[in-house]
Amino acid sequence: MAAIRSVSRRQVLKGAAAITSAGLAELPLGGAAQSKGKIVVGTWGGDYARLLHKNIEPILINDGWEVIQDQANDPERRSKMLAERRLPRGTTDIQGLSALGMFQMHDAGVIDAIDYGKLKNAPNLLPSMKYPYGVGHIYSGKVGVYNPRLVDPAPKSYKEIFDPKRGDKLGIIDIQYQYTLVCAALAAGGKVDDLEPGKKLLLACKKAGARIYPTNEAFAQGLKTEEFGTGVMWKARVVQWQNAGISVEAIVPAEGALAYVSGFVIPKNAPDKPGSYAYLDAMLEKGAQEAFAIDMGYNPTVTNAVVAPELNKRIGFTPEEVKALVDLDYGYMTQNDVALKEWWDKELKG
Amino acid sequence: MVGQGAERLSLERPARRLANEARGGSLLMASTLLAPATLMVALGLLLPILILLRYSFNKFDPRLMMVEAVTLENYVKFFTDPFYTNVFWTTLRVALLCTLVCLVLAFPLAYVLARSESRYKNVVLMLVVLPLFVGNAVRAAGWMTLFGSKGALNAALFELGVINVPLQIMFTEKAVVIGIIAVNLPYVVLTLQSVLEGIPRQTEEAAFSLGAGPWTMCRRVLLPLALPGIVVGAILCFILAMNAYATPVLLGGPQFKMMGPLVYGQFRLNNWPFGAAVAFVLMTATLVLTGAANLLVQQRYRRRRSP
């Protein structure tokens, strides 16, 4: 027994020594001290994360920053921000969210007001992308999509798309319930804060045979196999589908396209705020913004980015169309999101 | 006599002490070995479950996400809304159907595998396990290409002139049941096979030699002996089916609802209290049903074994 005890004591000592030396090795000594710091970015996974890595992070790395991505879906990251609200130091320096998500975090009081004076590239930013609590990174609009082989003449408005006469030739995306409800409301003469006419119209379309697809990808698949001929989707996605060889065209609806903005916010308890601002500036760099237009089909939010005319025709909006872009009523959507989803699940899909 | 007895006692004492010490030592050893697993379960499973249980009594607020409270409203909402109770019954129906079909399909295959003396037995076993190498979502994607309105199945039937309008299989309960059966079947086959292998071939031969036909032998000898294994396989299959996520989402489509996707959907909406309540309803139902089935079969098994 004595022998066993002495071995374990020795092992404890050895273990403690190992932990101490490992700890020392972790300390920022020598080369690491030259780093400006570590920026932790909350972002969606997949393409968006890959393109942040490809187009934005090199600018920061060359400037001496270390960038780490914290990838998860939008709701999970918003929950995390709310859960961390009481911590003096949060775990992320900057978070990528949709405009609605940005508003919700602002409303919950967990993000900083943006000091645009600290951003070198702020003068180039489109005024509509300067949220008091967040910075727009890319934008697109909910356009009408149709397969010219099945739908002729081309629809001109949300009203002509969400028409019960289309029967089973109308496709709807389940995960896009918020935007679909607002588009239908606009089609039925409602407003962004009065979706009741939209609900009635959607029920009529459903009764006439409209098809509901679970995801964007399933919708694309249905479009490709010609199960249906028309619906609504982000213009950026339409470009990606055209590139994949799907017969699909986009129209900007007469009611004005519903805008989708993706941007970044700074949590109040971000550990490295200079890093947060450095990231915002890098994302507004001309080159990074142009690369996102090419790689992802979303529009730049800065005026100095140059998009080739051919690409701009496919992804862009004319100045009139930009002016006519319709924004969600963020407060209304936040307050009613769960009720809208319940209506969607029970009444529309039930 | 007395002296001898005392001598024996004095000799026995150290031996017993040693034995006792050894037993104490092994007990200590065993508890040391069990500690990591116990800690993992306690910290990684029980603690989160308790936290989730607490959440299920909270209130939801669209702006603040979750407000501390002690209310049963989430459970009341679930049990009083026919939409949610329908989701529950659909889940139960699908899980029971899948379990039944899996048992019927798996038993003959497991029996052949258990009794096989072929040198290719391991190859066949590997073939049974092979689908488990691929994730559920990937397998569901495979079914999607097969079941789609222009998928392989419809195209083949169309070309053969069997149908002239495509069969609607995708986004139906049928597709989900087929998908879940395909996912769960290997588990049931493997469980049954290992149990059947433990039943000596001689018991079957004894039944035959006493004049039983194959069916009688199966009913009176094989099935009762395999019953504990059948129960384990059925419980495994039932639990997996009750909690299925990827298959119902991908093959069932947006209009088909099961409990697993419903739980996730509520968390996505940031409605943690209701999501937690639905998760608890699902967990409790699964536990109660499997526990009840186990108890019922055990009682029957005991009755049969007792003379």
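Residues numbered from 1 in each chain as written. Chains lettered and ligands numbered in written order. Predicted model: local features only at pLDDT ≥ 70, side-chain atom pairs only at ≥ 80, totals over all residues.

Caption draft 1: Region of the structure containing the overall build of chain B. Assigned secondary structure in chain B consists of 12 helices and 2 strands. Along chain B, from the amino end to the carboxyl end, the secondary structure elements read α-β-β-α-α-α-α-α-α-α-α-α-α-α. The principal-axis extents of the C-alpha atoms in chain B amount to approximately 100 × 65 × 35 Å. Here chain B, with 307 residues, has 27% of them falling under the buried criterion. Long-range pairs, those at least 24 residues apart, make up 71% of the contacts in chain B between residues at least 6 apart in sequence. (Helix = DSSP H or I, 4+ residues; strand = E, 2+ residues; numbered from the N terminus. Buried ≥ 20, exposed ≤ 12 C-beta atoms within 10 Å, placed from the backbone. Contact = placed C-beta atoms within 7 Å.)

Caption draft 2: Fine view of the overall build of chain A. Across its full length, chain A holds 15 helices and 11 strands. With 350 residues in all, chain A has 42% of them scored as buried. Pairs at least 24 apart in sequence give 76% of the contacts found in chain A among residues at least 6 apart.

Caption draft 3: Region of the structure containing the interface of chain B and chain A. Of the residues lining the interface, 16 residues belong to chain B; the matching set on chain A comes to 19 residues. In the side of chain B that touches chain A, the residues fall into 7 nonpolar, 6 polar and 3 charged. (Nonpolar A, V, L, I, M, F, W, Y, C, P; charged D, E, K, R; others polar.)

Caption draft 4: Spotlight on helix α2 (residues 46-55) of chain A. Residue and element names in this part refer to chain A. What α2 keeps buried is the set L51, L52 and N55. Within α2, the buried residues cover an arc of 105° as seen down the axis, which keeps them to one side. Tucked into the core, α2 has its buried residues touching β1 (37-43), α3 (57-62) and α12 (286-296). (Arc of directions from axis to C-beta.)

Caption draft 5: Local environment of the packing of helix α7 (residues 177-187) of chain A against helix α15 (residues 330-348) of chain A. All names here are of chain A. Running from N to C, α7 and α15 point in directions that differ by 90°, and their axes come no closer than 10 Å. Regarding the angle of α7 to α15, the classification is roughly perpendicular. Contacts from Y177, Q178 and L181 in α7 reach M333, L340, K341 and W344 in α15. Considering only residue class, the contact of α7 with α15 consists of 5 nonpolar, 1 polar and 1 charged. (Axes fitted to C-alpha atoms, helices over the stretch in contact; angles between N-to-C directions. Parallel < 35°, antiparallel > 145°, perpendicular 65-115°, else oblique.)

Caption draft 6: Quick peek at the domain arrangement of chain A. Residue and element names in this part refer to chain A. Per the domain assignment, the segments making up chain A are domain 1 (36-139 + 260-315) and domain 2 (140-259 + 328-348). Computed over C-alpha atoms only, the centres of domain 1 and domain 2 are separated by 28 Å. In this assembly, 13 residues from domain 1 lie in contact with 13 residues from domain 2. Secondary-structure elements contributing two or more residues to the side of domain 1 that touches domain 2 are α5 (99-107), β10 (258-265) and α13 (309-315). Broken down by element, the side of domain 1 that touches domain 2 gets its largest block of residues, 4 residues, from α5. Among the residues forming the side of domain 1 that touches domain 2, the class breakdown is 8 nonpolar, 3 polar and 2 charged. (Domains from an automatic or database assignment.)

Caption draft 7: Region of interest: helix α5 (residues 136-147) of chain B. Residue and element names in this part refer to chain B. Helix length check: α5, at 12 residues, gives a terminal C-alpha distance of 16 Å against a target of 16 Å (1.5 Å per residue), a fit within 8%. Every buried residue of α5 is accounted for by N136, A140, W143 and F147. For α5, the angular spread of buried residues about the axis comes to 55°, placing them on one side. Against the buried residues of α5 lie α6 (152-159), α7 (173-197) and α10 (246-252). (Expected span 1.5 Å × (residues − 1).)

Caption draft 8: Molecular detail of the environment of A324 of chain A. In this fold, A324 of chain A is placed in helix α14 (residues 319-324). When the C-alpha atoms of A324 of chain A and I246 of chain A are compared, they prove to be 28 Å apart, with 78 residues separating the residues in sequence.

Caption draft 9: Main features of the confidence of the model for chain A. Residue and element names in this part refer to chain A. Mean pLDDT for chain A: 90, with 90% of residues reaching 70 or above. For residues 1-6, every residue scores under 50 in pLDDT, and the model assigns this stretch 0 contacts once sequence neighbours within four places are set aside. This model gives residues 23-33 a pLDDT under 50, and the stretch forms 1 contact once residues within four places in sequence are excluded. (pLDDT = per-residue confidence, 0-100.)

Caption draft 10: View of the nonpolar core. Residues and elements named next belong to chain A. Among the nonpolar cores identified, the biggest contains 96 residues, and I39, V143, V182, C183, A184 and Y279 are the most heavily contacted of them. In terms of residue count, α7 provides more of this core than any other element does, 9 residues in total. Each of two domains, domain 1 (36-139 + 260-315) and domain 2 (140-259 + 328-348), supplies a minimum of three residues to this core. Among residues more than four places away in sequence, those in contact with Y279 are I39, V41, L60 and I94. (Core = buried A, V, L, I, M, F, W, Y, C linked by C-beta atoms within 7 Å.)

Caption draft 11: Fine view of the confidence of the model for chain B. Across chain B, pLDDT averages 88, with 90% of residues at or above 70. When mean pLDDT is compared element by element in chain B, helix α2 (residues 73-80) of chain B scores highest at 97, while helix α1 (residues 2-55) of chain B scores lowest at 73.

Caption draft 12: Seen up close, the packing of α5 of chain B against α7 of chain B. All names here are of chain B. Between α5 and α7, the shortest axis-to-axis distance is 11 Å and the interhelical angle comes to 135°. Relative to α7, the element α5 lies oblique. In this structure, α5 meets α7 at a crossing whose hand is right-handed. Residues N136, R139, A140, W143 and F147 of α5 pack against A175, G179, A182 and V183 of α7. Of the residues contributing to the contact of α5 with α7, the split by class is 6 nonpolar, 2 polar and 1 charged. (Left-handed = near helix turned anticlockwise from the far one by under 90°.)

Caption draft 13: Inspection of the pairing of β1 of chain A at higher detail. All names here are of chain A. Most of β1 sits out of view: 5 of its 7 residues are buried. Pairing between β1 and strand β3 (residues 94-98): 2 bridges, direction parallel. Bridge pairing links G42 to Q95 in β3. (Pairing = 2+ DSSP bridges.)

Caption draft 14: Just unusual backbone geometry, in detail. Residue and element names in this part refer to chain A. With omega at 0°, the peptide bond leading from D152 into P153 counts as cis. When you line up the elements, P153 lands in the loop between β5 (134-146) and α6 (158-161). Positioned with a positive phi, E226 is a non-glycine residue whose angle comes to about 60°. Tracing the chain through its elements places E226 in the loop between α9 (216-224) and β8 (230-234). A residue is classified by how many C-beta atoms lie within 10 Å of it, and E226, with 15 of them, is partly exposed.

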